[in-house]
Amino acid sequence: MMQFTTRLLANRKISSDYHQLVFEWDGGAGTPRPGQFVTLRSESGIDPLLKRPFAVAGHAGGQAVEIIIQIRGRVSRSICEMKPGGTLLMTGPLGNAFPMPVENTVPVLLAGGAGIGPIIFLYRELTAVRGPVRAVFGFRNVESTPAGFLESIAGDGPVSICTDNGGTGFRGTVIDYLRSRIPPEPGKQVMYACGPLPMMAAAYSCSESRKVPLWVSMEQVMACGIGACMGCVIRTNGKNPFARVCKDGPVFNAQEVVWT
Ligand SMILES: Cc1cc2nc3c(=O)[nH]c(=O)nc-3n(C[C@H](O)[C@H](O)[C@H](O)COP(=O)(O)OP(=O)(O)OC[C@H]3O[C@@H](n4cnc5c(N)ncnc54)[C@H](O)[C@@H]3O)c2cc1C
Ligand code: FES
């Protein structure tokens, strides 16, 4: 993990509220893996740009990282309004990564809303080594859906899009899609999910009834981002009843998380 000044190389609006941003990467920081994240803040170190966590969605030869940002509030908006050439302080790669599926298991990838970044990174890595992988992406409505972007990364893989109102793709949530379109294969499937908490809790309930493992990337509001402040803890079933999302995660075995 390193902190360095990064330059914005490209900024593309891919739907009403999502941007694809490419930042310079310092090769000395190592190569990020799917599930890991970076924090971004302004170089001046004072408001208006406080440090914020964003998952890595891809990287190019140790020289650039891609991030998919949903405009939610002040900081995500100001990053999405940046022009190429602008600079920020980046720290990363942070946190742990998704474990790769063991041989002869079929991965099923589920992403909701701002959770698409780490799932896209995992999708890219898995399709590169294993060929087509099943991935399902859910958004509120057609305006919010980065359909062209998802089609461009899909290649041969079966990428499915869901919207709550059916404006494009399947009508319903990614969990509705999972239940109705992807048959369970106990002992043969492994699921990966990132998205809003209710979506991941529902994915957990499906994984339990299907008797397949589920890895989740948790989102939590963060302060330090490096394990020092305990500002991002979640409740877990392990020996220690709490875990820090930034340091012990963000990827957890869903059975370790207390969902209620
Ligand atoms: C490990 C990790 C990876 C993330 N990866 C991405 C990513 O790839 N793309 C992306 O768009 N976002 C990602 N996020 C969420 C991102 O950090 C927040 O959207 C961002 O910090 C919001 O800052 P803001 O100033 O724009 O919004 P604020 O004004 O701070 O908040 C706007 C709204 O967003 C909510 N919010 C703020 N931070 C978070 C958070 N961390 N988790 C859930 N809700 C939050 C607030 O409660 C509020 O309702 C990630 C978060 C974590 C912890
Ligand atoms: S944000 Fe400080 S411990 Fe996680």
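Up top is the structure.
Criteria and thresholds
- Residues numbered from 1 in each chain as written.
- Chains lettered and ligands numbered in written order.
- Predicted model: local features only at pLDDT ≥ 70, side-chain atom pairs only at ≥ 80, totals over all residues.
- Near = placed C-beta within 6 Å.
- Helix = DSSP H or I, 4+ residues; strand = E, 2+ residues; numbered from the N terminus.
- Core = buried A, V, L, I, M, F, W, Y, C linked by C-beta atoms within 7 Å.
- Buried ≥ 20, exposed ≤ 12 C-beta atoms within 10 Å, placed from the backbone.
- Domains from an automatic or database assignment.
- Contact = placed C-beta atoms within 7 Å.
- Expected span 1.5 Å × (residues − 1).
- Pairing = 2+ DSSP bridges.
- Axes fitted to C-alpha atoms, helices over the stretch in contact; angles between N-to-C directions.
- Arc of directions from axis to C-beta.

Colleague: What exactly am I supposed to notice about the site of ligand 1 here?
Modeller: For ligand 1, the set of nearby residues contains 22 residues, the closest of which are Ala55, Gly73, Val75, Ser76 and Gly117. Broken down by secondary-structure element, the contributors of at least two residues to the shell around ligand 1 are β4 (52-55), β6 (64-70) and α1 (74-80).

Colleague: Whenever I open this one, the nonpolar core confuses me. Can you help?
Modeller: Across soluble globular proteins, you tend to see nonpolar side chains buried next to one another. The biggest cluster of nonpolar side chains holds 70 residues, and the ones touching the most others in it are Leu109, Leu110, Ile119 and Val216. It is helix α2 (residues 116-130) that contributes the most residues to this core, seven residues altogether. Here this core gathers at least three residues from each of two domains, domain 1 (2-94) and domain 2 (106-217). When sequence neighbours within four positions are dropped, the list of residues in contact with Leu109 reads Ile119, Leu122, Tyr123, Val133, Arg134, Ala135, Val136 and Tyr192.

Colleague: Just to check I follow, could you spell out α2 for this structure?
Modeller: Every α-helix carries 3.6 residues per turn, so stepping three or four residues along brings you back to the same face. Its 15 residues place the ends of α2 20 Å apart at the C-alpha level, agreeing with the 21 Å of an ideal helix rising 1.5 Å per residue. When α2 is considered as a whole, its buried residues turn out to be Ile116, Gly117, Pro118, Ile119, Ile120, Phe121, Leu122, Tyr123 and Leu126. Phi turns positive one or two residues past the end of α2, at Gly131, with a value near 85°.

Colleague: Looking at this model, I keep getting lost on the environment of Glu151. Mind explaining?
Modeller: Looking at the secondary structure, you find Glu151 in helix α3 (residues 147-154). For Glu151, a count of 11 C-beta atoms within 10 Å gives the class exposed. Distance in space between the C-alpha atoms of Glu151 and Val257 is 33 Å, their sequence separation being 106 residues.

Colleague: Sorry if this is basic, but what is going on with the sheet that holds strand β11 (residues 170-171) here?
Modeller: Adjacent strands of a sheet form backbone hydrogen bonds with each other and so pair up, either parallel or antiparallel. Sheet architecture is open: seven strands sit in the order β11-β10-β9-β8-β12-β13-β16, paired in mixed fashion. Of all strands in the sheet, those bounded by a partner on one side alone are β11 and β16 (251-253).

Colleague: Please explain the sheet that holds strand β3 (residues 37-41) as it appears in this structure.
Modeller: The strand order across the open sheet formed by seven strands is β4-β3-β7-β1-β2-β6-β5, and the pairing between neighbours is antiparallel. Both edges of this open sheet fall to β4 and β5 (58-60), since each of them pairs with a single strand only. When the angles between neighbouring strand axes are averaged without regard to direction, this sheet yields 40°. Across six bridges, strand β1 (residues 2-13) lies against strand β7 (residues 87-94) in antiparallel orientation. In the strand pairing of β7, Arg7 is matched with Thr87.

Colleague: So what exactly am I meant to see when it comes to helix α5 (residues 197-210) here?
Modeller: Between its first and last C-alpha atoms α5 spans 20 Å; for 14 residues at 1.5 Å apiece the expected length is 20 Å, and the two agree. Among all positions of α5, only Met199, Met200, Ala202, Ala203, Ser207 and Arg210 are buried. Angular distribution of buried residues about the axis of α5 spans 160°; they occupy a single face of the element. Opposite its buried face, α5 presents the exposed residues Pro198, Glu208 and Ser209, each directed more than 90 degrees away. Taken together, the buried residues of α5 touch β8 (106-112), α4 (174-181), β12 (189-194) and β13 (214-217). Just downstream of α5 lies Lys211, where phi reads positive at about 60°.

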